[in-house]
Amino acid sequence: MKNINKPKILKGTRDFGPKQMAKRQFVLGQIRYMFETFGYDTIETPAIEYADTILGKYGEEGNKLTYTFKDNGGRNVALRYDQTVPFARYVAMNYPDLPMPFKRYQISRVWRADKPAKGRYREFYQCDIDIIGTTDLLAEAEIARVIVAVYTKLGIKNFKIKINNRRFMNSILNRLGIPEELQTQVLRAIDKLDKIGREGVTKELKTIVDGDTMRNLFDVIFIRGTNQEKLVALSSDDTDEIQQFLELCTLYGVEEKFLEFDTCLARGLDYYTGMTYEVVIDGIDVGTVCGGGRYDNLCEQFCDKQFSGVGVAFGFDRTIIAMEELGLLNDISLNTKILVTRLDDVSMPYSLSITTMLQIKNINTEIYPESVSLKKQLKYANKKNIPFVLMCGLQEQNDQTVIIKIMGSGKQKTIPRSQLVEYLNGALKREIL
Amino acid sequence: MKRIRIAIQKNGRLQEDSLSYLKKCGLKWNKMNNGEMIIPCTNKNIDLLFVRHGDIPEYVKWGSADLGIVGENSLYERKDTYVVRKRLGFGRCKLVIAVPNDSPILNITQLEHERIATSYPRTLTVFLKRKNIQASPISIHGSVEIAPSLGLADAICDITQSGNTLESNNLRSITTILTSEAVIISNDSADLSWLV
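Predicted model only: the values in this text are computed from it and were never measured. Counting from 1, residues in each chain are numbered in the order their sequence is written. The order in which chains are written sets their letters, starting at A; the order in which ligands are written sets their numbers, starting at 1. In keeping with the model being predicted, local features are shown solely for residues with a pLDDT of at least 70 and side-chain atom pairs are shown and tallied solely at 80 or more, while totals for entire chains, interfaces and linings include all residues. With hydrogens and water set aside, each side-chain value is computed from the structure's full complement of heavy atoms.

1. Brief notes about the overall build of chain A
Line of reasoning, step 1. Going along the chain from the N terminus, every DSSP run of H or I of four or more residues is numbered as a helix, and every run of E of two or more is numbered as a strand. Helices and strands together make up the secondary structure of chain A, namely 16 helices and 16 strands.
Line of reasoning, step 2. Across its three principal directions, the C-alpha atoms of chain A cover 90 × 60 × 45 Å.
Line of reasoning, step 3. Think of it in three bands: residues with accessible area under 20% of the maximum for their type are buried, residues over 50% are exposed, and the middle band is partly exposed, with areas taken using a 1.4 Å probe on protein chains only. Considering chain A as a whole, with its 433 residues, one finds that 48% of them fall into the buried category.
Line of reasoning, step 4. We call two residues in contact when some of their heavy atoms are within 4.5 Å. Within chain A, contacts between residues separated by at least 24 positions form 68% of all contacts whose residues are at least 6 apart in sequence.
Line of reasoning, step 5. Residue exposure ignores everything except the shown protein chains as possible cover, and the areas themselves are Shrake-Rupley values with a 1.4 Å probe. Total accessible area on chain A stands at roughly 22,600 Å², and carbon and sulfur atoms take up 49% of it.
Line of reasoning, step 6. Positive: Lys, Arg. Negative: Asp, Glu. His and the chain ends are not part of the count. Charged side chains are reduced to one point each, which is NZ for Lys, CZ for Arg, CG for Asp and CD for Glu. With 59 positive and 56 negative side-chain charges, chain A shows a spacing of 10 Å between the two charge centroids.

What follows is the structure, given as structure tokens:
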């Protein structure tokens, strides 16, 4: 008896079937296209690294969540936990050969030994862009410009890039007389606002600072108004960089409506040193879909040379969830747009010539692999959601025509072979130049 | 002082009306010789540039002409944007979709998956997209009206002034996509503040 292994996959990992993959590939393609439009090149690093490359870079929590094991040669290895640390390791090893400033994008899988939950997986994709080797604020504006370009390209119209600034927050905490050693705690408490609400934050802050300080702090972080109104009201603190950033964004074509100066935004402020970003999509409850900021020293754990940079990570899975909720992925079908049927052996060469003609024009076309009943071939087309089926028999070969069956309506048309490409380009709504 | 160039049709349906419009504006020029492309005005700092109809937007776009007189309909075929300075009231026409008299197609929703022959594929594509109709524009340059009788299309999308051409080719209009007239255009980046 054969030994059959019950098929199963690890918790927190996923299989993606052809329909899901079509959507994922589409979204990934659009994101990649936009990154490249802005002049970013990509790199790839190994999925497994030496454990000590990865460990100790994300704090206690990160260490626990990193997949580590001994390989067959007894070496301690780890799966990459994010793309930033391997990137830093790569830059430290290769910077003399890299163009500087260096603009790179990276889209790959990362692994975390986290407890799986809704929207939380053990294996998932990250899409990062970073500009390193410059401290010019134009890099910050460009990151905002790319974010807007990506989400606009994906068809998402209503989203906000929340922005804040570490230097600005520092100047407030210092003005309020909060000792430096408590500042990180205060920022972490503010960061929990979305999760535990104002009351929860109040409770937590009470244990760190006194009542007056807290009220003064709340006056700042709960300030309302437009970006400009907030900047005017807070001008006694260090708002220069935010002001300059907003001006550069305008010059770079980032519409004001996408930017929201959010004084409550404290995510990652213990790591970031300048501007920070967090993107939310209006009316979609998936949390932050993209986030990042300016950091001062990317490679400090790997070399003495300093690289300041700014970058963001796009949450791929959350972006997919948001797009599905907005109905933006409904039209994504499998790859084949045209099925050429096999009617009889005599007309097979004609059918094949039609097939190659369309394939050369980059219209996704397949010919049915075997000679079977037309009914079976149409069933196949239905199952693959192929919108157009072509039938080319002897009669059509003699007339140099093709019968097109439109699967959606069942309508059938005979058109000249010479018009086929133009007809299908129109029917498939392919852009005409 | 810089001379202003106005591009107008070398020949075509708008030429006569364009010239009489410019005359009415007070421009004077010497009798034209055949084949001459640039005619200077004798009383103003203006040159008339005679070019092929389809080239007028091109000349304006590149700044070789400051202004141009064109049929509004031809602008919708182009990706570039122009500033319409003035509507001129002549050269009126309509862009329509028409089908053979004996066609079962009565309204635009029945155009689904049909072929529409046209010299205005871009305008037609935008129209179809807006109406959410999936039909195929078939690009033909000129003599669009005979495409259905040759079996090349199920409908046409073409310019009509009087409707006579449609009628004599046994076609009937089922919808008007747009109405058009002659307009004066400039490049949208052109600085014409000096032109008073």
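Having seen the model, we can carry on.
2. Concerning the interface of chain B and chain A
By a widely used convention, the size of an interface equals the accessible area lost when the partners come together.
Line of reasoning, step 1. Contact with chain B, which involves 18 residues of that partner, is made by 14 residues of chain A.
Line of reasoning, step 2. The largest contributions to the chain B side of the interface with chain A come from His113(B), Arg115(B) and Gln134(B), which together make up 41% of the buried area.
Line of reasoning, step 3. Salt bridges are defined as contacts in which a side-chain nitrogen from Lys or Arg sits within 4 Å of a carboxyl oxygen from Asp or Glu. Inspection of the region where chain B meets chain A yields 3 salt bridges.
Line of reasoning, step 4. Among the ionic pairs, Lys413(A) bridges to Glu114(B), the shortest N-O distance being 2.3 Å.
Line of reasoning, step 5. Contacts described as polar in this section are N or O atom pairs within 3.5 Å, which, within protein, must combine one atom able to donate a hydrogen with one able to accept it, while residues neighboring in sequence count only if both atoms come from side chains. Joining chain B to chain A, the criterion identifies 11 residue pairs in polar contact (both at pLDDT 80 or more).
Line of reasoning, step 6. Secondary-structure elements contributing two or more residues to the side of chain B that touches chain A are helix H4 (121-130) and strand S8 (136-139) of chain B.
Line of reasoning, step 7. Examining the composition of the side of chain B that touches chain A, we find that 4 residues originate from one element, S8(B), more than from any other. Buried area is a sum: the accessible area each of two parts loses on coming together, probed at 1.4 Å, counted once for each and added.

3. Notes on helix H16 (residues 420-427) of chain A
Line of reasoning, step 1. Of all 8 residues in H16(A), 7 are buried, a share of seventy percent or more.
Line of reasoning, step 2. Looking one or two places after H16(A), you find Lys429(A), whose phi comes out positive at around 55°.

4. Here we look at the sheet that holds strand S10 (residues 290-295) of chain A
All names here are of chain A.
Line of reasoning, step 1. Taken together, the 8 strands give an open sheet; going across it, the order is S1-S5-S6-S11-S10-S9-S7-S8, and neighbouring strands pair in mixed fashion. Two strands close off the open sheet at either side, each with one partner strand: strand S1 (41-42) and strand S8 (259-261).
Line of reasoning, step 2. Think of each axis as a best-fit line through the C-alpha atoms, taken over the contacting stretch in the case of a helix, with angles from 0 to 180 degrees between the N-to-C directions. The sheet strands contacting helix H5 (residues 138-153) are strand S5 (102-111), strand S6 (123-132), strand S7 (159-165), S8, strand S9 (275-281), S10 and strand S11 (309-315), and the helix crosses S11 at an angle near 15°.
Line of reasoning, step 3. This element, helix H6 (residues 166-175), spans S7 and S8 of the sheet and lies at about 50° to S7. Strands were regarded as paired on the criterion that DSSP finds at least two bridges between them.

5. Side note on the pattern of salt bridges
When their charged atoms lie close together, side chains carrying opposite charge are able to pair.
Line of reasoning, step 1. A complete count under the given rule lists 27 salt bridges over all chains for this structure.
Line of reasoning, step 2. Across the salt bridge formed by Asp71(A) and Arg75(A), the nearest N and O atoms sit 2.9 Å from each other.
Line of reasoning, step 3. One salt bridge connects Lys411(A) with Glu114(B), and the closest N-O pair in it is separated by 2.9 Å. Taken together, the positions of Lys411(A) in the loop between strand S15 (401-406) and strand S16 (412-416) and Glu114(B) in the loop between strand S6 (93-100) and strand S7 (115-118) put the pair across two chains.
Line of reasoning, step 4. If you follow the salt bridges from partner to partner, you end up with Lys411(A), Lys413(A), Glu114(B), Arg115(B) and Asp154(B) in one network.

6. Digging into the packing of aromatic side chains
Residue and element names in this part refer to chain A.
Line of reasoning, step 1. Note on aromatic contacts: the rings of Phe and Tyr and the six-membered ring of Trp form a pair at centre separations within 6.5 Å, being stacked when their planes are under 30 degrees apart, edge-to-face when over 60 apart, and tilted otherwise. The final tally for this structure, using the stated rule, is 12 aromatic pairs over all chains.
Line of reasoning, step 2. Taking the centre distance of 5.4 Å and the plane angle of 70° together, the rings of Phe 168 and Phe 261 count as edge-to-face. Placement of Phe 168 in helix H6 and of Phe 261 in strand S8 is noted, with a sequence separation of 93 residues between them. The burial state of Phe 168 is the same as that of Phe 261; both residues are buried.
Line of reasoning, step 3. Members of the aromatic cluster, connected to one another through ring pairs, are Phe 35, Tyr 105, Tyr 151, Phe 159, Phe 258 and Phe 314.
Line of reasoning, step 4. Two limits define a charge over a ring: the Lys NZ or Arg CZ must be within 6 Å of the ring centre, and within 35 degrees of the ring normal. When the ring centre of Tyr 121 is taken as reference, the NZ or CZ atom of Arg 14 above it lies at 3.3 Å.
Line of reasoning, step 5. Its guanidinium or amino end placed over the ring of Tyr 81, Arg 112 lies 4.0 Å from that ring's centre, counting from NZ or CZ.

7. Some points on helix H9 (residues 211-221) of chain A
Residue and element names in this part refer to chain A.
Line of reasoning, step 1. Among all positions in H9, only Thr 213, Met 214, Leu 217, Phe 218, Val 220 and Ile 221 are buried. Buried residues of H9, seen end-on, are gathered within an arc of 155° and therefore sit on one face of the element. Relative to its buried face, H9 has exposed residues pointing more than 90 degrees away, namely Asp 212, Arg 215 and Asp 219.
Line of reasoning, step 2. Close packing links the buried residues of H9 with H6, helix H7 (180-191) and helix H8 (193-206).
Line of reasoning, step 3. Backbone nitrogen of Asp 212 and a side-chain oxygen of the N-cap are separated by 3.1 Å at the start of H9; the cap is Asp 210. Comment: arc refers to directions from the helix axis out to C-beta atoms.

8. Remarks on the sheet that holds strand S2 (residues 38-40) of chain B
Residue and element names in this part refer to chain B.
Line of reasoning, step 1. A sheet is described by the order of its strands in space; here 6 strands give the open sequence S2-S3-S1-S4-S11-S5, paired in mixed fashion. One side of each edge strand has no neighbouring strand; the edge strands of this open sheet are S2 and strand S5 (82-87). Strand-to-strand twist of the sheet, defined as the mean angle between neighbouring strand axes without regard to direction, takes the value 30°.
Line of reasoning, step 2. Its contacts with the sheet put helix H1 (residues 15-24) on strand S1 (4-9), strand S3 (46-51), strand S4 (67-71), S5 and strand S11 (182-187), and the angle it makes with S1 is roughly 150°.

9. Regarding the pairing of S8(B)
Residue and element names in this part refer to chain B.
Line of reasoning, step 1. Alignment of S7 against S8, held across 4 bridges, turns out to be parallel. Bridge pairing in S8 places Arg 115 opposite Ser 136.
Line of reasoning, step 2. The crossover handedness rule: strands pointing away from the viewer, path from first strand over the helix to second strand clockwise, crossover right-handed. For the segment spanning S7, H4 and S8, crossover handedness is right-handed.

10. Observations regarding unusual backbone geometry
Line of reasoning, step 1. Cis geometry marks the peptide bond from Met100(A) to Pro101(A); its omega dihedral reads -5°.
Line of reasoning, step 2. With respect to the helices and strands, Pro101(A) occurs in the loop between helix H4 (84-94) and S5.
Line of reasoning, step 3. Although it is not a glycine, His113(B) adopts a positive phi angle of roughly 65°.
Line of reasoning, step 4. Note on placement: His113(B) falls in the loop between S6 and S7.
Line of reasoning, step 5. Residue class for His113(B) comes out buried when judged on its relative accessible area of 8%.
Line of reasoning, step 6. At Asn170(B), a position not held by glycine, the phi torsion is positive, near 55°.
Line of reasoning, step 7. Structurally, Asn170(B) is set in the loop between helix H5 (164-168) and strand S10 (171-180).

11. Describing the environment of Glu181(B)
Residue and element names in this part refer to chain B.
Line of reasoning, step 1. Within the element layout of this structure, Glu 181 appears in the loop between S10 and S11.
Line of reasoning, step 2. Glu 181 sits in the buried class, given a relative accessible area of 10%.
Line of reasoning, step 3. Distance from Glu 181 to Ala 7, taken between C-alpha atoms, is 17 Å for residues 174 residues apart in sequence.
Line of reasoning, step 4. For Glu 181, the contacting residues outside a window of four places in its chain are Val 70, Gly 71, Glu 72, Arg 87, Leu 88, Gly 89, Phe 90, Gly 91 and Arg 92.
Line of reasoning, step 5. A polar contact of 3.4 Å, which involves the side chain of Glu 181, links it to the side chain of Arg 87.
Line of reasoning, step 6. A polar contact is formed between the side chain of Glu 181 and the backbone nitrogen of Gly 89, at a distance of 2.6 Å.

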